[in-house]
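Residues per chain, in single letters:
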Amino acid sequence: AASTITVMSDPDQAPSTPCHVFTFDSVYGEDCEQRIVYESSGRPLVRDVLHGFNATMFAYGQTGTGKTYSMDGPSMAERGII
């Protein structure tokens, strides 16, 4: 089930100030293992692609937080999600 977070444009303004609502499926902490990311996010997408559906996995975050490592893996012997 997706979760949402609402970010106010300017918290000092009146409640009528536009805000942004972001929807996300998963958030992983810094101590999360690669296996957990794959099992909860990657495996379902791969399964769906093999059944003929389109899928996208979007990795977003600060520089140096492991996005490339998660997607590509550390080596050819230990591949990432793609």
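The preceding data block contains the structure.
Parameters and conventions
Each chain has its residues counted from 1, running along the sequence as written. Whole-chain, interface and lining totals are the exception, using all residues; otherwise, since this is a predicted model, local features are given only for residues with pLDDT of at least 70 and side-chain atom pairs are given and counted only at 80 or more. Side-chain measures were taken over the full set of non-hydrogen atoms in the model, leaving aside hydrogen atoms and water. Helix and strand definitions follow DSSP, with helices as H or I runs of at least four residues and strands as E runs of at least two, each counted in order from the N terminus. Lining residues are defined by having an atom within 4 Å of a point belonging to a cavity or pocket. Those points lie on a 1 Å grid over the protein atoms alone, cavities being sets where a 1.4 Å probe fits but cannot get out and pockets being open sets with protein on both sides within 12 Å along at least five of seven lines. Grid points are joined across faces, edges and corners, and a volume is the space filled by probe spheres set on the points. Charged residues are taken to be Asp, Glu, Lys and Arg, nonpolar residues to be Ala, Val, Leu, Ile, Met, Phe, Trp, Tyr, Cys and Pro, and polar residues to be all remaining types, Gly included.

Honestly, the environment of Pro74 in this entry has me stumped. Any pointers?
Within the secondary structure layout, Pro74 lies in the segment after helix 2 (67-72). Each C-alpha atom of the pair Pro74 and Arg43 lies 19 Å from the other, and the pair is 31 residues apart in sequence.

Which parts of the structure should I look at to understand the layout of surface pockets?
The gaps left among the atoms become clear once a water-sized probe is rolled over them. By volume, the largest pocket is sized at about 1,200 Å³. As for the largest pocket, its lining consists of 30 residues, of which Ser26, Val27, Tyr28, Phe58 and Tyr60 are closest to the centre. Of all the secondary-structure elements, those providing two or more residues to the lining of the largest pocket are strand 2 (19-24), helix 1 (34-50) and helix 2. It is helix 1 that provides the largest number of residues to the lining of the largest pocket, a total of five residues. For the lining of the largest pocket, the per-class residue count stands at 15 nonpolar, 12 polar and three charged.

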